[in-house]
Amino acid sequence: PAQFRAVVERVRSGGMSLCEAERLEMGFTHSESGQALGEHWRLPDEIVDVIAWHHEVEQAKRNVALTALVHLADELCLRHGLDNGLPEPAETDLREDPAWNLLTRVYPYLSEADLEQFHLEMKEFTRQVTAMVGSLFGAHRAA
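Residues numbered from 1 in each chain as written. Predicted model: local features only at pLDDT ≥ 70, side-chain atom pairs only at ≥ 80, totals over all residues. Heavy atoms only, no water.

J.: Is there a simple way to explain the pattern of salt bridges in this structure?
T.: Once their charged atoms are close, side chains differing in charge can pair, the charge on each being opposite to the other. This structure, assessed with the given rule, holds seven salt bridges. Between aspartate 45 and arginine 62 there is a salt bridge; the shortest N-O distance is 3.8 Å. Note that aspartate 45 is positioned in helix 4 (residues 45-53) and arginine 62 in the loop between helix 4 and helix 5 (64-79), a separation of 17 residues in sequence. On the basis of relative accessible area, aspartate 45 is assigned to the partly exposed category, the value being 44%. Ionic pairing is found between aspartate 49 and arginine 62, a salt bridge with its closest N-O pair at 3.0 Å. Separated by 13 residues along the polypeptide, aspartate 49 in helix 4 and arginine 62 in the loop between helix 4 and helix 5 bring together distant segments of the chain. (Salt bridge = Lys/Arg side-chain N within 4 Å of Asp/Glu carboxyl O. Helix = DSSP H or I, 4+ residues; strand = E, 2+ residues; numbered from the N terminus. Buried < 20%, exposed > 50% of the residue type's maximum accessible area, 1.4 Å probe, protein only.)

Structure, rendered in structure tokens:
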């Protein structure tokens, strides 16, 4: 717990990513600990790879499209306030994200997507989800 508090402090004070702070303070990242836990639980290798490489999509060897999709879901959550409460920089344009490039190679029709419209719809969806969570658990949980 003390090491993770130091991780949180580094992220909050220095513009450092969660993974960078984890590596500096603990010597490993949540991706690596998740990988170890997935292996310990004997999850399928394809799922363990998604856990291990969701921040480094280019390193994935199996289930690469799912790894890219999980990475993008993580990025979208960060951008739209559905995050862990830590200030992490998000990429400015999804089209520059290696995961997006990988998915558009696998699913070429995605390259025609209107990402600006998608972000607007995502913003509205996030507002609706936040309101729903607030109504279920109280306004203090939704914020």
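Structure shown, so let's carry the discussion forward.
J.: Explain the nonpolar core to me, please; I cannot follow it from the model alone.
T.: Nonpolar side chains in soluble globular proteins tend to end up buried together. In this structure, Val57, Ala65, Ala68, Leu72, Leu76, Leu94, Ala99, Trp100, Leu102, Leu103, Leu115 and Met122 together form the largest nonpolar core, which totals twelve residues. The residues contacting leucine 103, other than those within four sequence positions of it, are Ala65, Ala68, Leu69, Leu72 and Leu110. Membership of the second largest hydrophobic core comes to seven residues, among which are Val7, Val8, Val11 and Leu18. (Core = buried A, V, L, I, M, F, W, Y, C linked by side-chain atoms within 4.5 Å. Contact = heavy atoms within 4.5 Å.)

J.: For this particular structure, what's the right way to read the packing of helix 3 (residues 30-40) against helix 4?
T.: Packed helix pairs are characterised by how far apart their axes lie and by the angle those axes make with each other. Interaxial distance between helix 3 and helix 4 falls to 7 Å at its minimum, and their mutual angle equals 165 degrees. Relative to helix 4, the element helix 3 lies roughly antiparallel. Of the two elements, helix 3 crosses helix 4, and the hand of that crossing is right-handed. Along the contact surface, helix 3 presents Ser31, Gly34, Gln35, Gly38 and Glu39, while helix 4 presents Val48, Ile51 and Ala52. The class makeup of the residues in the contact of helix 3 with helix 4 is three nonpolar, four polar and one charged. (Axes fitted to C-alpha atoms, helices over the stretch in contact; angles between N-to-C directions. Parallel < 35°, antiparallel > 145°, perpendicular 65-115°, else oblique. Left-handed = near helix turned anticlockwise from the far one by under 90°. Nonpolar A, V, L, I, M, F, W, Y, C, P; charged D, E, K, R; others polar.)

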